[in-house]
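Below, each chain spelled out in residue letters.
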Amino acid sequence: MPSDSIPNEPEIDAEEMVRNIIEWVEIESPTSDAVAVNRMADKVVAECQDLGLAIERIPGEDGWGDLVIARSEDANTKEPGILILTHIDTVQPIGTIEGDNPIRREGDKVYGPGSYDMKAGAYMSTYAYRYLQRLGRKPRLPVTFMFMSEEEVGSPFSRKHIEAEAAKAKYVLVAEPARDGGKVVVARKGVADFVMRATGRPAHAGAMHQDGRSAIKEVARQILEIEEMTDYERGVTFNAGMIKGGTGINVVPRECEVHIDMRVVTPEDGEEFTEKLLNRKSHDPDVEIEVTGGLNRPPYQMSEGGNALFEFAREACQEHGLDLQYTPITGGGSDGNYSGAMGIPTLDGLGVDGAGAHTLDEHILVSSLLPRTKMWIKMFERLE
Ligand SMILES: [Zn+2]
């Protein structure tokens with residue numbers, strides 16, 4: 001018997017998993033295309049119905065795709081259960097599979113947009129459930145799967161539903177991609193978005209330069225000062241990631257707008273720096289600035305419950321030779337931020353190993369399917 005098999009049980013069929021993951025990746029589903037995301041939701045609904053799960057499909061608000069929630073039949077009891085967070089939206093536009101990152105298998109790698117982040121992980125969580133079902137077994141606790149339609153933009157519509165489900169859960173497992181060689185995630189930085197808009201006074205850049213008040217110049221000074229607040233040791237970063245302004249090379253610009261991304265490790269830093277951003281003052285008294293925005297994903301750090309959950313998973317993985325490690329706090333947000341910040345034991349990065357999230361090199365490692373599916377199966381069977 002191979003050392004990585006669960007004794008007295010049939011092998012997990014990694015090839016079956018690859019075939020099905022490819023079917024999920026073939027349905028391209030960029031966040032902004034609700035029709036496409038809903039096609040993916042249709043597939044998820046059909047597969048979850050096949051698993052005997054009760055489906056709740058919540059129509060997307062504000063133009064987003066639908067949210068799918070699938071519950072085991074005991075999930076309506078009062079017993080707090082396992083909540084699984086996944087998302088079915090992706091970042092690459094439709095057509096990526098025909099051009100920039102076609103679905104293909106090269107050795108251990110299967111390429112395709114949204115494969116690693118995170119269709120393979122979402123599928124894997126359902127496969128683990130299916131595997132148990134085929135053996136006539138089931139998770140010890142009630143299980144609720146959530147398939148978000150707009151995670152890649154911070155789950156603005158799903159957030160309230162995630163928090164409502166998390167409040168009822170004992171454990172939250174997030175099937176987001178594994179990090180750096182299979183590491184899981186136990187803490188995530190908080191993420192904030194800000195927009196700064198400056199309004200100056202336009203003037204002819206040649207004839208009336210002295211009368212102009214440049215909004216671009218003001219924003220430029222602001223950006224330098226804001227980015228200088230970055231403190232890597234404290235884990236606080238600022239990035240002016242998008243900027244626009246001006247109407248012509250020969251006009252002193254009246255308007256300028258910059259989008260700023262902020263990441264923080266602690267809620268306190270989140271509050272402190274949000275305040276600093278919102279209360280920025282203009283250098284030029286003739287230029288008005290206005291800042292809007294704030295934290296959209298609260299930070300969470302490893303809690304006692306989160307640590308216990310990690311240790312539980314690590315021990316289960318040791319039995320089949322998988323040395324589970326966690327990554328230092330990551331700057332990337334996920335829906336795990338919401339449950340983690342609520343203090344619900346949350347283990348993230350339980351998805352498939354691979355690389356290239358949000359790039360055209362995105363792929364999964366087929367060799368990670370077996371050991372990580374086993375991890376899911378054991379978590380389902382043993383968490384109580
Ligand atoms: Zn993701």
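This one's a predicted model, so the numbers in the text were calculated from it and none came from an experiment.

Concerning the sheet that holds strand S4 (residues 104-106)
Move 1: Reading across from one edge, S4-S5-S18-S17 is the order of the four strands in this open sheet, with antiparallel pairing throughout. Every interior strand has two partners, whereas the edge strands, S4 and strand S17 (354-355), have only one.
Move 2: As defined by bridge partners, S17 adjoins strand S18 (residues 363-365) across two bridges and the pair is classed as antiparallel. From the neighbouring strand, Ala355 faces S18, where its bridge partner is His363.
Move 3: Contacting strand S5 (109-111), S17 and S18, helix H3 (residues 115-134) crosses the sheet at an angle of about 50° to S18.

Some remarks on the packing of H3 against helix H9 (residues 369-382)
Move 1: Following both chains from N to C, one finds H3 and H9 inclined at 65°, their axes separated by 9 Å at the closest point. In this structure, the crossing between H3 and H9 has a hand that is right-handed. Two secondary-structure elements touch here, H3 through Met124, Ser125, Tyr127, Ala128, Tyr129, Tyr131 and Leu132 and H9 through Leu369, Arg372, Thr373, Trp376, Ile377, Phe380 and Glu381.
Move 2: Among the residues making up the contact of H3 with H9, the classes are represented as 10 nonpolar, two polar and two charged.

Quick notes on the pairing of strand S3 (residues 81-87)
Move 1: Here S3 lies mainly inside the structure; seven of its seven residues are buried.
Move 2: With five bridges joining them, S3 and strand S7 (residues 169-174) adopt parallel strand pairing. Bridged to Gly81 within S7 is Ala169.

Focus on helix H1 (residues 14-26)
Move 1: For H1, spanning 13 residues, the distance from its first C-alpha to its last is 18 Å, which sits close to the expected 18 Å at 1.5 Å a residue.
Move 2: If you check which residues of H1 are buried, you get Met17, Asn20, Ile21, Trp24 and Val25. Each buried residue of H1 lies within a common arc of 145° when the element is viewed along its axis, so the set occupies one face. Of the residues in H1, the exposed ones pointing more than 90 degrees away from the buried face are Glu15, Glu16 and Arg19.
Move 3: Of the surrounding secondary structure, the elements contacted by the buried residues of H1 are helix H2 (34-50), S5, H3 and H9.

With respect to unusual backbone geometry
Move 1: Each neighbour pair has its own omega, and for Asp117 with Met118 the value is -5°, a cis peptide bond.
Move 2: In this structure, Met118 sits in helix H3.
Move 3: Positive phi, close to 55°, is recorded for Asp62, a residue that is not glycine.
Move 4: Along the chain, Asp62 turns up in the loop between strand S1 (54-58) and strand S2 (67-71).
Move 5: Although it is not a glycine, Ser155 sits at a positive phi angle of roughly 55°.
Move 6: Here Ser155 shows up in the loop between strand S6 (143-148) and helix H4 (159-167).
Move 7: Taking the number of C-beta atoms within 10 Å as the measure of exposure, Ser155 has 28 and is therefore buried.

Considering the domain arrangement of the protein
Move 1: According to the domain assignment, the protein consists of domain 1 (14-188 + 300-382) and domain 2 (190-297).
Move 2: Domain 1 and domain 2 are separated by 36 Å when their C-alpha centres are compared.
Move 3: Counting residues at the interface gives five residues for domain 1 and eight residues for domain 2.
Move 4: Per-class residue counts for the side of domain 1 that touches domain 2 are one nonpolar, four polar and no charged.

A few points about the nonpolar core
Move 1: Judged by nonpolar contacts, the single largest core of 79 residues is most densely connected at Met124 and Leu173.
Move 2: A total of 10 residues in this core trace back to one element, the largest contributor, which is H3.
Move 3: Residues Val191, Met196, Ala198 and Ile226 belong to the second largest nonpolar core, which totals 20 residues.

A closer look at the sheet that holds S1
Remark on secondary structure: sheet strands pair via backbone hydrogen bonds, oriented parallel or antiparallel.
Move 1: The sheet built from six strands is open, its strands ordered S1-S2-S6-S3-S7-S16 with mixed pairing. Every other strand in the sheet has two partners, leaving S1 and strand S16 (346-347) as the edge strands with one partner each.
Move 2: Two elements, S2 and S6, share four bridges in a ladder whose sense is antiparallel. The residue bridging Arg71 from the neighbouring strand is Thr144, located in S6.

Here we look at H9
Move 1: Look at H9: 20 Å from first C-alpha to last across 14 residues, which is about the 20 Å you get at 1.5 Å a residue.
Move 2: Taken residue by residue, H9 has Leu369, Arg372, Thr373, Lys374, Met375, Trp376, Ile377, Met379 and Phe380 as its buried positions.
Move 3: Buried residues along H9 sit against H1, H3, S6, S7 and helix H7 (304-319).

A word on the environment of Leu173
Move 1: Relative to the helices and strands, Leu173 resides in strand S7.
Move 2: You can call Leu173 buried: it has 29 C-beta atoms within 10 Å.
Move 3: Once the C-alpha coordinates of Leu173 and Met379 are considered, the two residues, 206 residues apart in sequence, prove to be 9.4 Å apart.
Move 4: Sequence-distant contacts of Leu173, defined by excluding residues within four places in its chain, comprise Ile82, Ile84, Leu347, Leu350 and Met379.

Observations concerning the packing of H7 against H9
Move 1: Between H7 and H9, the shortest axis-to-axis distance is 9 Å and the interhelical angle comes to 125°. When the axes of H7 and H9 are compared, the pair comes out oblique. H9 is crossed by H7, and the crossing has right-handed handedness. The segment H7 lies against H9, with Ala313, Ala316 and Cys317 engaging Met375, Lys378, Met379 and Arg382.
Move 2: By residue class, the composition of the contact of H7 with H9 is five nonpolar, no polar and two charged.

About the criteria used
- Residues numbered from 1 in each chain as written.
- Predicted model: local features only at pLDDT ≥ 70, side-chain atom pairs only at ≥ 80, totals over all residues.
- Pairing = 2+ DSSP bridges.
- Helix = DSSP H or I, 4+ residues; strand = E, 2+ residues; numbered from the N terminus.
- Contact = placed C-beta atoms within 7 Å.
- Axes fitted to C-alpha atoms, helices over the stretch in contact; angles between N-to-C directions.
- Left-handed = near helix turned anticlockwise from the far one by under 90°.
- Nonpolar A, V, L, I, M, F, W, Y, C, P; charged D, E, K, R; others polar.
- Buried ≥ 20, exposed ≤ 12 C-beta atoms within 10 Å, placed from the backbone.
- Expected span 1.5 Å × (residues − 1).
- Arc of directions from axis to C-beta.
- Domains from an automatic or database assignment.
- Core = buried A, V, L, I, M, F, W, Y, C linked by C-beta atoms within 7 Å.
- Parallel < 35°, antiparallel > 145°, perpendicular 65-115°, else oblique.

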